[in-house]
There are 2 protein chains.
Amino acid sequence: MNPTSALIVIGNEILSGRTQDANIRFLATHLGDIGAPLKEVRIIPDVRETIITTVNEMKARYDQVFTTGGIGPTHDDITSACVAEAFGVPLELHAESAALLEDHYGKDQFTTARQRMAMLPRGATPIKNAASIAPGFSIGNVHVMAGVPSIMQAMFHAVSPTLRRGQPIQSKTWYALGIYESVIAAALEAVQNRYPDLDLGSYPFKRADGRGGVALVAKGSDPANLAAASQAIHDLIAATGETPIEGEPKA
Amino acid sequence: MNPTSALIVIGNEILSGRTQDANIRFLATHLGDIGAPLKEVRIIPDVRETIITTVNEMKARYDQVFTTGGIGPTHDDITSACVAEAFGVPLELHAESAALLEDHYGKDQFTTARQRMAMLPRGATPIKNAASIAPGFSIGNVHVMAGVPSIMQAMFHAVSPTLRRGQPIQSKTWYALGIYESVIAAALEAVQNRYPDLDLGSYPFKRADGRGGVALVAKGSDPANLAAASQAIHDLIAATGETPIEGEPKA
């Protein structure tokens with residue numbers, strides 16, 4: 001059984017529509033690759049009680065939890081304090097992180113605001129990374145990362161060796177032009193029933209030239225089953241008289 | 001007090017990283033515009049118990065709830081059945097929607113798979129729209145929409161006149177090049193404390209040419225407070241010696 005992952009996106013800027021999220025897909029893909037697939041995402045505001053409650057619910061429900069956002073130096077960066085509270089430990093200056101930040105900014109410029117970025121829950125392990133002096137951190141099964149995509153990605157790569165892993169999730173997609181989903185629905189369901197451990201999906205698409213069709217996707221961690229289901233999907237498309245296509249057919 | 005909105009994104013394809021979500025930002029923006037801001041988003045898989053539990057939790061907690069995805073004709077399209085179960089009503093053929101679909105596909109081609117798209121929870125009101133014959137639907141405070149962005153958008157515009165509304169959320173952003181967040185953190189917090197009803201945020205950015213800075217955003221529904229806070233933000237940037245810029249400064 002693969003371990004499960006969940007993501008908490010902490011940020012008013014996503015909920016207000018100011019910012020297009022760019023982290024969910026990155027984490028979804030990379031967590032599938034290490035066999036710890038993403039099972040749920042919650043996007044929540046910078047509200048203390050909401051963050052604490054959500055962290056507590058998710059860390060109990062999933063094998064590992066990631067958070068993005070809210071670890072900078074401003075008043076709305078309250079993730080670290082909330083995670084400390086969720087774990088029932090104090091938030092305190094992390095000496096090694098403080099030393100790195102002080103070294104970077106200079107003693108005179110290591111202001112109260114900047115010291116916030118070195119405050120970690122007691123017992124947390126900093127996620128040192130190539131993109132920022134201010135660290136993320138791991139505590140228990142929760143990994144706290146920045147919201148800025150380039151920094152989040154560096155933190156994910158840095159914490160990756162410590163993560164729980166399983167059988168990588170692989171996928172195989174067949175495209176078919178000129179087919180409605182409803183035409184292949186029954187045949188696709190029959191394939192799903194034959195391979196209950198796989199996850200079969202059907203996604204309509206429409207090209208810029210107005211022609212459309214469906215993408216049929218099989219996903220799972222057993223390569224033999226995946227190959228067999230992929231062959232069955234190929235065949236059910238061919239049975240409609242259309243040609244199964246391997247890559248997305250561009251206009 | 002503005003009414004609250006929440007969104008449930010139902011779709012394995014987002015959680016697997018196959019698809020980049022394109023609906024959250026659209027809904028976030030439009031719900032802010034009608035004064036019913038988005039307070040939480042959950043992205044969940046096509047799993048029956050998960051959908052039912054999540055719909056029940058969210059419809060109790062928020063004034064109105066939107067769902068996207070899972071209302072097509074294939075085996076993984078289980079949203080309508082789950083919403084019916086969450087409301088404790090049967091899922092049944094909606095005569096008017098069935099007639100429209102039968103008319104569109106022709107009597108011979110109105111297959112079992114296609115009939116799924118006319119199955120609505122008893123008592124639901126279809127969301128007829130310009131982009132698809134298959135409707136979304138509203139039941140209680142839950143609005144069920146398609147996952148394909150063009151169809152979701154048409155459904156949102158169609159259901160919009162029935163939605164709960166409040167004071168539109170407006171925002172004002174000042175950009176400053178060459179400023180670290182930590183330099184303005186204390187001054188920004190002072191402005192936030194002066195206008196507790198507004199939501200002030202600070203977002204670092206980096207341009208393609210490597211120069212960076214911060215965007216300072218004030219959001220709220222009171223135009224007078226918003227104007228005053230915006231002026232205060234302008235002034236705190238000017239106090240650092242940098243120039244407040246109205247639009248995002250491009251490289």
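Just so it is clear, the structure is predicted and the values come from calculations on it, not from any experiment. (Residues numbered from 1 in each chain as written. Chains lettered and ligands numbered in written order. Predicted model: local features only at pLDDT ≥ 70, side-chain atom pairs only at ≥ 80, totals over all residues. Heavy atoms only, no water.)

A. Expanded view of the UniProt feature "domain: MoaB/Mog" (unreviewed entry) in chain A. As recorded in UniProt, the sites labelled "domain: MoaB/Mog" (unreviewed entry) are residues 6-166 of chain A. With 39% helix and 21% strand, residues 6-166 of chain A has end C-alpha atoms that lie 15 Å from one another. (UniProt positions renumbered as here; feature names shortened; annotations may be inferred. Helix = DSSP H or I, 4+ residues; strand = E, 2+ residues; numbered from the N terminus.)

B. Geometry of the pairing of strand β2 (residues 38-44) of chain B. Of all 7 residues in β2(B), 6 are buried, a share of seventy percent or more. As judged from the 3 bridges shared by strand β2 (residues 38-44) of chain A and β2(B), these two strands associate in the antiparallel manner. Among the inter-strand pairings, R42(A) is bridged to a residue of β2(B), identified as R42(B). As paired strands, strand β1 (residues 5-10) of chain B and β2(B) are joined by 6 bridges and run parallel to one another. Residue A6(B) lies in a different strand from β2(B), and its bridge partner there is E40(B). (Buried < 20%, exposed > 50% of the residue type's maximum accessible area, 1.4 Å probe, protein only. Pairing = 2+ DSSP bridges.)

C. Inspection of the sheet that holds strand β9 (residues 170-177) of chain B at higher detail. All names here are of chain B. Taken together, 3 strands build an open sheet; the order of strands is β9-β11-β10 and the sheet is antiparallel. Each edge of the sheet is formed by a strand with only one pairing partner; in this case those strands are β9 and β10 (199-206). If you compare each strand with its neighbour and ignore which way they point, the axes differ by 20° on average. Relative to strand β11 (residues 212-220), β10 runs antiparallel, the two sharing 8 bridges. Paired with F205 across the bridge in β11 is G213. Those strands touched by helix α8 (residues 181-194) are β10 and β11, and its axis lies near 165° from that of β10. Along the sheet, helix α9 (residues 223-238) makes contact with β9, β10 and β11, crossing β9 at roughly 5°. (Axes fitted to C-alpha atoms, helices over the stretch in contact; angles between N-to-C directions. Contact = heavy atoms within 4.5 Å.)

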